[in-house]
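# Examining the three-dimensional arrangement
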Amino acid sequence: MNDRLDQWLRDAHAMETQAEAMLSAQAKRIESYPALGELVEQHLADTRSQRERLEVCLQRRSTSTSALKDTAGQATAFLQGVGGMMASDEIVKAIMASYAFEQMEIAAYRILITAAETAGDGETARVCQEIRREEEEMAALLMERIPEITQTYLARNEASLAEAKR
């Protein structure tokens, strides 16, 4: 049971490492959407804090992060960023992918909370509950912004098409 909890904590650390790389790449490419940019920058800071809190949990449990999983997460984030750059509707794809990623993180933290409680590690359960709430808040903010981002993108796309026809 404790070995599985440690493995899942390492997985969560890798997941946050991946999220940090994804958010960093996104933040550099969405300057024409300032409201979303501010949200991404804030969540990037939250993500770094989450990764650090997971490191403390791992240290307290006398285990370490997985360099292999962290590197794989960073590589995956890089490939996702490159793939998104190729799409003309990158911003719409980015908010959709970010929302889906938040939901995956929420599920992962629900699992970690249950595993930590089952293992009798109340401190890890508490930390994971904090992080889960932060992920839920971000998911809700992204969901709220989907219509605005979509409308802005569509208006800009139409203007661009009209300009190209001239």
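The structure this text deals with has already been given above.
Below you will find a few notes about this structure. For every chain, the first residue of the written sequence is number 1, and numbering continues from 1 onward in sequence order. It should be noted that, the model being predicted, local features are given only for residues of pLDDT at least 70 and side-chain atom pairs only at 80 or more, the latter also being counted only at that level, while totals for whole chains, interfaces and linings use all residues. Hydrogens and waters are ignored; side-chain quantities use all the structure's heavy atoms.

## Overview of the packing of aromatic side chains
By convention, a stacked pair of Phe, Tyr or Trp rings (six-membered ring in the case of Trp) has centres within 6.5 Å and planes under 30 degrees apart, an edge-to-face pair has planes over 60 apart, and any other such pair is tilted. As enumerated under the stated definition, the model contains zero aromatic pairs in all. Positioned over the ring face of Y33 is R156, at 4.4 Å from the centre of the ring. Criterion for a charge above a ring: Arg CZ or Lys NZ at most 6 Å from the ring centre, at most 35 degrees from the ring normal.

## Quick notes on the nonpolar core
Residues belong to one nonpolar core when they are buried, are Ala, Val, Leu, Ile, Met, Phe, Trp, Tyr or Cys, and are joined through side-chain atoms within 4.5 Å. Burial status follows relative accessibility: with a 1.4 Å probe on protein chains alone, a residue under 20% of its type maximum counts as buried, one over 50% as exposed, and anything between as partly exposed. Residues L5, L9, A12, L54, Y109, L112 and C128 are the most contacted members of the largest nonpolar core, which totals 19 residues. Under the scheme used here, helices are H or I runs from DSSP no shorter than 4 residues and strands are E runs no shorter than 2 residues, and both carry numbers assigned from the N terminus. Elements with a minimum of two residues in this core: α1 (2-29), α2 (34-60), α4 (90-119) and α5 (122-165). Two residues form a contact once any of their heavy atoms are found within 4.5 Å. In this view, L5 contacts R61, L112, A115, A116, A119 and D121; residues no more than four positions away in its chain are not counted. Counting residues in each nonpolar core, the second largest holds 14 residues, with Y33, L44, I149 and Y153 among its members.

## Structural notes on the pattern of salt bridges
The salt bridge criterion pairs a side-chain nitrogen of Lys or Arg with a carboxyl oxygen of Asp or Glu, the two atoms within 4 Å. Counted according to the given criterion, the structure contains 14 salt bridges. Measuring nitrogen to oxygen at the nearest pair gives 2.9 Å for the salt bridge that ties D121 to R61. Here R61 lies in the loop between α2 and α3 (67-85) and D121 lies in the loop between α4 and α5, a separation of 60 residues in the sequence. Residue D121 is classed as buried on the basis of its relative accessible area, which comes to 7%. Residue R61 is classed as buried on the basis of its relative accessible area of 16%. Across the pair E136 and R110 runs a salt bridge whose closest N-O atoms are separated by 3.1 Å. On the criterion of sequence distance, the pair formed by E136 in helix α5 and R110 in helix α4 is long-range, its members being 26 residues apart.

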